[in-house]
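# Structure at a glance
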Amino acid sequence: MDKKQKEILIKFVNKYRKQCYIGVGVVVLLVVLCFALGRGGSDNKDKNGVLKNEYPEVKTLISNYYKAAANGDVKKLQAYATPISDNEKAYVKLFAKYVEKYEIRNIYTKRAVDSNSCLVSVEMGIKFKGVKTEAPGLDFFYVTGLDNKELYIVNLYSQFNAKTKEYKTEKQVTDCIEAYEGLEDVVALKEKVQTEYDKAIDGDEKLDLMINSTIEDSVSEWMGSITLAQNQTPPESVLYSVDDEKEQIEDSKKEEGTKEDSKEADNKKEDAKKDDSKKDDSEKDDSEKKETEKEVKKVKVVEYVATKEEVNLRKGASTNTDSVVMLRGGAKLRAVAMSVYGDWTLVKTKSGKKGYVRNDFLKTLDNKYTTAGKDGYPKKKQKCKLLEKSNLLNKMKKSGKVISTLRKKTKVRVITCYANGYSKVKTNGRTGYILTEKLKFD
């Protein structure tokens, strides 16, 4: 996937304006993916093997999914899609507060990695409560179980997990999905729905207010309070039958009891270690500790970045927000904060203009505040592990928003370190700040 295609991938919550892909449990659905199950001999088949409204069983599955989603019924939703994380369940319930119904307009399908699975794109209209105009939208699903007609949605490949990365995915499937993103039909459909969405937003102030203010504020507030469980283990394969999937779920439940016993023993050992550590800390010189804390708080760090090439400075952390100005390659900028998903940086130009630039197009500059490679600090690009559970923040402040909560021993790559005790790191595709003292390095 090239940089232009990567820019299509937008953050979960920020700036719904000019986005045509809105759905429950699917982040803001700007990512237009492929259409599934190309079987020959159909009048609805185009040159890319895309079938339009061809399989009633797929439509039934998707319709049931949306009915449950509109009602915020996560228990029923799990009958049609698995696995669904606790965070996605909470998001479904949150979004359902504003949705009256989903109206499916067209369903496109195309063969996936085998004859039993297909990629599904759903063109729809979303009716929000108290708003007359429907919002055009486009959603994506990975469906399996076609052979025995027991269909279900493999939710590892939902738009929600594509952004949060809570569950691991299979490379074979993600490669298949990525390959279809560049299809001519996909691009054409995206542009069509985008045009319809823009027209709907421009023509109905209530719809604009609902999406770009009410929902955005609500989701942003919710995002600030959640903890992402990174890379949970999903069912072993998405290529098994429904019966195999059920067996895996049952096996995982049986194993859970054994794991819990093991975890309990490990926790006791860990608690004992923490108690010993606390005793050691209490024996340290109190004045020395206070002096260190005072020193960290006093240092006011300024971070600078530069553009790698010509790129747009945008009003929001999305390629679908307006451009403030086109920045030349090598432009020096002051970094203000990370986006809530750690994939964009809010920057300020010399002339005082503020906006967002994707991290892919930025490099972090050294200045008098950077300390990477010095005594007591890891080197640039050095891989480290976390000594304990830590928050990845969008600013070098304790009050910064949490991009994600990282487990102990999570691997991170250091971008640089600063004199105020924070390091800028990248992990799981996200960039943010973490206390240097939390990093284990040689």
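The structure we're discussing is the one just above.
Only a predicted model underlies this, so the values are computations on that prediction, with no experimental measurement involved.

### Thoughts on the overall build of the chain
Each helix and strand counted, the chain has 10 helices and 20 strands in total. Looking at the chain residue by residue over its 442 residues, the buried ones come to 50%. Partitioning the intrachain contacts of the chain with sequence separation of at least 6 by distance along the chain shows that 66% fall at a separation of at least 24. Taken as a whole, the chain presents about 22400 Å² of accessible surface, with 46% of it coming from carbon and sulfur.

### Remarks on the sheet that holds strand S1 (residues 51-52)
The sheet built from six strands is open, its strands ordered S1-S3-S4-S5-S6-S2 with mixed pairing. The open sheet has two edge strands with one neighbour each: S1 and strand S2 (81-82). Pairing geometry for strand S3 (residues 99-111) and strand S4 (residues 117-128), over 11 bridges, is antiparallel. Along S4, the bridge assignment pairs Tyr 102 with Ile 126.

### Re the pattern of salt bridges
When the charged atoms of two side chains lie near each other, side chains of opposite charge can form a pair. Tallied over the full model, the rule gives 12 salt bridges. The residue Glu 134 makes a salt bridge to Arg 105 at a minimum N-O spacing of 3.0 Å. Pair noted here: Glu 134 is in the loop between S4 and strand S5 (135-144) and Arg 105 is in strand S3, with a separation of 29 residues, a long-range link. A residue is classified by how much of its surface remains accessible, and Glu 134, at 19% relative accessible area, is buried. A relative accessible area of 34% means that Arg 105 is categorised as partly exposed. Residues Lys 424 and Glu 303 are paired through a salt bridge, measuring 2.6 Å at the closest nitrogen-oxygen approach. Of this pair, Lys 424 sits in strand S18 (residues 422-427) while Glu 303 sits in the loop between helix H10 (286-298) and strand S7 (304-307), and the two are 121 residues apart along the sequence.

### Let's talk about a positive patch on the surface
A cluster of like positive charges, contributed by Lys 308, Lys 363, Lys 381, Lys 383, Lys 385, Lys 409, Lys 411, Arg 413, Lys 426 and Lys 440, occupies part of the molecular surface. When contributions to the positive patch are tallied by element, the ones reaching two or more residues are strand S14 (383-386) and strand S17 (411-417). Mapping Lys 409 onto the fold places it in the loop between strand S16 (402-406) and S17.

### A look at unusual backbone geometry
Between Thr 82 and Pro 83 the backbone carries a cis peptide bond, its omega angle lying at -5°. Summarising the element assignment, Pro 83 is placed in the loop between S2 and helix H4 (86-96). Even without a glycine there, the phi angle at Lys 381 is positive, about 65°. Looking at the element boundaries, Lys 381 is found in the loop between strand S13 (362-364) and S14. When its relative accessible area of 66% is taken as the criterion, Lys 381 is described as exposed.

### Here's the deal with the nonpolar core
In terms of nonpolar packing, the biggest core is built from 52 residues, with Ile 62, Tyr 66, Val 122, Phe 128 and Phe 141 touching the most fellow members. Of all the secondary structure elements, the ones that give two or more residues to this core are helix H2 (56-70), helix H3 (74-77), H4, S3, S4, S5, helix H7 (184-203) and helix H8 (205-223). Beyond its immediate chain neighbours, meaning those up to four positions away, Ile 62 contacts Ile 104, Ile 107, Val 122, Phe 141 and Ile 153. Formed by 20 residues, the second largest nonpolar core is a distinct cluster that contains Val 301, Ile 403, Val 414 and Leu 439.

### What about H8?
Look at H8: 26 Å from first C-alpha to last across 19 residues, which is about the 27 Å you get at 1.5 Å a residue. Turning to H8, its buried residues are Leu 207, Met 210, Ile 211, Asn 212, Ile 215, Glu 216, Ser 218, Val 219, Trp 222 and Met 223. For H8, the side-chain oxygen to backbone nitrogen distance between the N-cap and Lys 206 is 3.0 Å, and the N-cap itself is Asp 204.

### Let's talk about the pairing of S7
Bridge count between S7 and strand S10 (residues 332-338): three bridges; the pairing is antiparallel. Bridging from a neighbouring strand, Val 305 pairs with Leu 333 of S10. Relative to S13, S7 runs antiparallel, the two being bridged by three bridges. Bridging across to S13, Thr 307 finds its partner in Leu 362.

### A short note on the packing of aromatic side chains
In this description, an aromatic ring pair is defined by two values, namely the gap between the centres and the angle between the planes. Applying the stated criterion across every chain yields a total of eight aromatic pairs. Each ring, one from Tyr 66 and one from Tyr 102, has its centre 4.9 Å from the other, and the planes form 25°; the classification is stacked. A residue pair is termed long-range when its members are at least 10 positions apart, and Tyr 66 in helix H2 and Tyr 102 in strand S3 qualify at 36 residues. Given a relative accessible area of 11%, Tyr 102 falls into the buried group. Pairwise contacts between aromatic rings join Tyr 65, Tyr 66, Tyr 102 and Phe 141 into one cluster. Cation over ring: Lys 163 sits above Tyr 341, and NZ or CZ is 6.0 Å from the ring centre. Over the aromatic face of Tyr 304 sits the side chain of Lys 332, whose NZ or CZ is 4.5 Å from the ring centroid.

Criteria and cut-off values
Residues numbered from 1 in each chain as written. Predicted model: local features only at pLDDT ≥ 70, side-chain atom pairs only at ≥ 80, totals over all residues. Heavy atoms only, no water. Helix = DSSP H or I, 4+ residues; strand = E, 2+ residues; numbered from the N terminus. Buried < 20%, exposed > 50% of the residue type's maximum accessible area, 1.4 Å probe, protein only. Contact = heavy atoms within 4.5 Å. Areas by Shrake-Rupley, 256 points an atom, 1.4 Å probe, with all protein chains shown as cover. Pairing = 2+ DSSP bridges. Salt bridge = Lys/Arg side-chain N within 4 Å of Asp/Glu carboxyl O. Patch = residues over 30% accessible without salt bridge, like charges linked within 9 Å, V, L, I, M, F, W, Y side chains within 5 Å. Lys, Arg positive; Asp, Glu negative; His and termini not counted. Charge placed at Lys NZ, Arg CZ, Asp CG, Glu CD. Core = buried A, V, L, I, M, F, W, Y, C linked by side-chain atoms within 4.5 Å. Expected span 1.5 Å × (residues − 1). Polar contact = N/O pair within 3.5 Å; in protein donor to acceptor, adjacent residues only side chain to side chain. Phe/Tyr/Trp six-rings, centres within 6.5 Å; stacked < 30°, edge-to-face > 60°. Lys NZ or Arg CZ within 6 Å of the ring centre and 35° of its normal.

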